[in-house]
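If you want the building blocks of each chain, they are given just below.
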Amino acid sequence: MTDAINEIAQVSEMALSNGDRLLQVGLITIAGGVGFVGGAVIISALSFLFSWFTPKFLTEIYSRVVIAFKSVVLTLITLVAMELMLLLIPATEWLSWIEFCLSVGITILSGWLLSRLFRDFFDTKILGITFASNPKVKGESIFLLRYLGDFAIAITLILFFCIKHDINVVGIAASLGIGGIAIAFAAQKTLEQFLGGIVLTLDRPFTVGDYIGLSDGPTGKQGTFGRVESIGLRSTKIRTSGKGTLTIIPNNALTQATIENFSGAKKVMSVMMIAFPQHLSNEEQALIRQIVMDSTIDIFGLDWRSTEVAFGDDNAQISFFILGSNELSMELRRQLLDLAKQQITKQLKNQNISFTLDEPTIYVDAPISI
């Protein structure tokens, strides 16, 4: 292996001395091809080893993260192989640009894969342990850990990239700080409106087409009501109901106002079907209702007052109603509800109630009307 590396290094030095850039590109391309083929073989071999010699949960994680995103993993291995070849070729200015681009790609793909791995671990382990230890999950604060993990991964990789390429992070941060202070004093009002637009874009309390109502003063009295026509960087345009006039409101004012969204909220019905081998007595039905309510009453975002348990001759239909404002919140609350359903089945088994659970659970979207 050492002899092969030495021969490749000698060929690369000869290519550089002769100014043959085509040969240099060829060596880098060959290294990428070898990395791609080798990566495919390694992934297949590891898949076999994981399926036979590792615990089941590791095999499942490997399948969800590596096998499911095999193309991304192969691309990352290919870039790493090309990066290693560049380390063997004597550095020149034009090769340094190629190395920089490869490093950017490796950093981005590595961060993406690490984020996927962390989120998979969070969803399968941390979330389950948290819910099992404290069934009364209030709010979505536990999901803050997921975003903190992504943030930590991103910061770590960026710092590593900057250190590797001799980028003065402290100097850049100091320069940006001084420049930011100067801009803030020069255009304070405009900057407030611009930052307000960024906050509205990230937080998304409403979208174009939503009907919203704004509070009028500290008393919370209903003020502007209308349909959002556009959301700009500086201001938001609302077509008022009744008059039909166009109201233009600075974005920084909207970030401080109480906003009531009449059309952006969503309500999703989740239907859980349970079959029983024999007819249930009135006491067993009451016990099942109590288990369902105790397992879901403290889940934030679940309208537990609308939860229904309807019994048939040999089955039960349990209907839950999830409330949310966007797809992210709905997805997080679906995960909490799935964990609550696992808790329900566990409690039923503890009470020696025989049943079979129909899969999959049915979700029906139902937008809330004005």
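Residues numbered from 1 in each chain as written. Predicted model: local features only at pLDDT ≥ 70, side-chain atom pairs only at ≥ 80, totals over all residues. Heavy atoms only, no water.

- For the protein chain, an unreviewed UniProt entry supplies the name Mechanosensitive ion channel domain-containing protein and the organism Pseudanabaena galeata UHCC 0370.
- The record in UniProt for the protein chain states the following under Subcellular location (unreviewed entry): "Membrane". (UniProt positions renumbered as here; feature names shortened; annotations may be inferred.)

**Observations regarding the overall build of the protein chain**
Okay, so step 1: The helix and strand tally for the protein chain stands at 11 helices and 10 strands.
Okay, so step 2: The buried share of the protein chain, reckoned over its 370 residues, is 32%.
Okay, so step 3: Summarising the internal contacts of the protein chain: among those between residues at least 6 apart in sequence, 64% fall at separations of at least 24.
Okay, so step 4: For the protein chain, the exposed area adds up to about 22300 Å²; of that, 64% sits on carbon and sulfur atoms. (Helix = DSSP H or I, 4+ residues; strand = E, 2+ residues; numbered from the N terminus. Buried < 20%, exposed > 50% of the residue type's maximum accessible area, 1.4 Å probe, protein only. Contact = heavy atoms within 4.5 Å. Areas by Shrake-Rupley, 256 points an atom, 1.4 Å probe, with all protein chains shown as cover.)

**Examining the UniProt feature "transmembrane region" (unreviewed entry) in the protein chain**
Okay, so step 1: On the UniProt side, "transmembrane region" (unreviewed entry) is annotated at positions that read residues 22-53, 65-88, 94-115, 143-161 and 167-187 here.
Okay, so step 2: Secondary structure content for residues 22-53 is 100% helix and 0% strand, while the C-alpha to C-alpha distance between its ends is 45 Å.
Okay, so step 3: The span residues 94-115 is 100% helical and 0% strand by assignment, and the distance between its end C-alpha atoms comes to 32 Å.

**Points about the pattern of salt bridges**
Okay, so step 1: With the rule as written, the count across this model stands at 4 salt bridges.
Okay, so step 2: In this structure, Glu83 and Lys164 form a salt bridge, with 3.2 Å as the shortest nitrogen-oxygen distance. You can see Glu83 sitting in helix H4 (residues 70-88) and its partner Lys164 sitting in helix H6 (residues 144-164), a full 81 residues away along the chain.
Okay, so step 3: Judged by its relative accessible area of 7%, Glu83 is buried.
Okay, so step 4: Linking Arg239 and Glu229 is a salt bridge whose minimum nitrogen-to-oxygen distance equals 2.9 Å. In this pair, Arg239 is assigned in strand E3 (residues 235-240) and Glu229 in strand E2 (residues 221-231), connecting sequence segments 10 residues apart.
Okay, so step 5: Through salt bridges with shared partners, one network takes in Glu83, Glu99 and Lys164. (Salt bridge = Lys/Arg side-chain N within 4 Å of Asp/Glu carboxyl O.)

**Here's the deal with a nonpolar patch on the surface**
Okay, so step 1: Residues Ile42, Leu46, Phe48, Leu49, Trp52 and Phe53 make up a contiguous nonpolar surface patch of roughly 680 Å² in combined accessible area.
Okay, so step 2: When you line up the elements, Phe48 lands in helix H2 (residues 21-53). (Patch = residues over 30% accessible without salt bridge, like charges linked within 9 Å, V, L, I, M, F, W, Y side chains within 5 Å.)

**Focus on the nonpolar core**
Considering soluble globular proteins, one finds that nonpolar side chains tend to be buried as a cluster.
Okay, so step 1: In this structure, Ile274, Phe276, Ile288, Val292, Ile318, Phe320 and Leu348 are the most contacted members of the largest nonpolar core, which totals 22 residues.
Okay, so step 2: In terms of residue count, helix H11 (residues 327-350) provides more of this core than any other element does, 5 residues in total.
Okay, so step 3: Among residues more than four places away in sequence, those in contact with Leu348 are Ile274, Ile288, Ile291, Ile353 and Phe355. (Core = buried A, V, L, I, M, F, W, Y, C linked by side-chain atoms within 4.5 Å.)

**Side note on the packing of H2 against H4**
Okay, so step 1: The interhelical angle for the contact between H2 and H4, taken along N-to-C directions, is 140 degrees, at an axis separation of 7 Å. With respect to H4, the element H2 is oriented oblique. Our pair here, H2 against H4, has a crossing hand that is right-handed. Residues Leu27, Ile28, Ala31, Gly32, Gly35, Phe36, Gly39, Ala40, Ile43 and Ser44 of H2 touch H4, and the partners they reach there are Lys70, Val73, Leu74, Ile77, Thr78, Ala81, Met82, Met85 and Leu86. (Axes fitted to C-alpha atoms, helices over the stretch in contact; angles between N-to-C directions. Parallel < 35°, antiparallel > 145°, perpendicular 65-115°, else oblique. Left-handed = near helix turned anticlockwise from the far one by under 90°.)

**Considering the packing of aromatic side chains**
Okay, so step 1: Inspection of every chain in the model, using the stated rule, returns 4 aromatic pairs.
Okay, so step 2: Centre to centre, the rings of Phe48 and Trp52 are 6.2 Å apart; their planes meet at 45 degrees, and the pair counts as tilted. With a gap of 4 residues between them, Phe48 and Trp52 both fall in helix H2, about one helical turn apart.
Okay, so step 3: A relative accessible area of 48% means that Phe48 is categorised as partly exposed.
Okay, so step 4: Given the relative accessible area of 62%, Trp52 is considered exposed. (Phe/Tyr/Trp six-rings, centres within 6.5 Å; stacked < 30°, edge-to-face > 60°.)

**Description of helix H3 (residues 56-67)**
Okay, so step 1: All of the buried residues along H3 are Thr59, Ile61, Tyr62, Val65 and Val66. Along the axis of H3, the buried residues cluster in a sector spanning 160 degrees; they form a single face. (Arc of directions from axis to C-beta.)

**Digging into the packing of H2 against H3**
Okay, so step 1: In contact at an axis separation of 9 Å, H2 and H3 are set at 160 degrees when each is read in the N-to-C sense. Judged by the angle between their axes, H2 and H3 are roughly antiparallel. When the axes of H2 and H3 are compared, the crossing they make is left-handed. Mapping the contact onto sequence places Ile42, Ile43, Leu46, Ser47, Phe50 and Ser51 in H2 and Leu58, Thr59, Tyr62, Val66 and Ile67 in H3.
Okay, so step 2: Taken together, the residues of the contact of H2 with H3 sort by class into 8 nonpolar, 3 polar and no charged. (Nonpolar A, V, L, I, M, F, W, Y, C, P; charged D, E, K, R; others polar.)

**Here we look at H2**
Okay, so step 1: Given a rise of 1.5 Å per residue, 33 residues ought to cover 48 Å, and the 46 Å separating the end C-alpha atoms of H2 matches this to within 8%.
Okay, so step 2: Within the sequence span of H2, burial applies to Gln24, Leu27, Ile28, Ala31, Gly32, Gly35, Gly39 and Ile43. (Expected span 1.5 Å × (residues − 1).)

**Observations regarding the confidence of the model for the protein chain**
Do not read the fine detail of predicted coordinates wherever pLDDT is low.
Okay, so step 1: On average, the protein chain scores 76 in pLDDT, and the residues at 70 or more come to 76%.
Okay, so step 2: In the model, residues 136-140 has pLDDT below 50 throughout and makes 15 contacts with residues more than four positions away in sequence or in other chains. (pLDDT = per-residue confidence, 0-100.)

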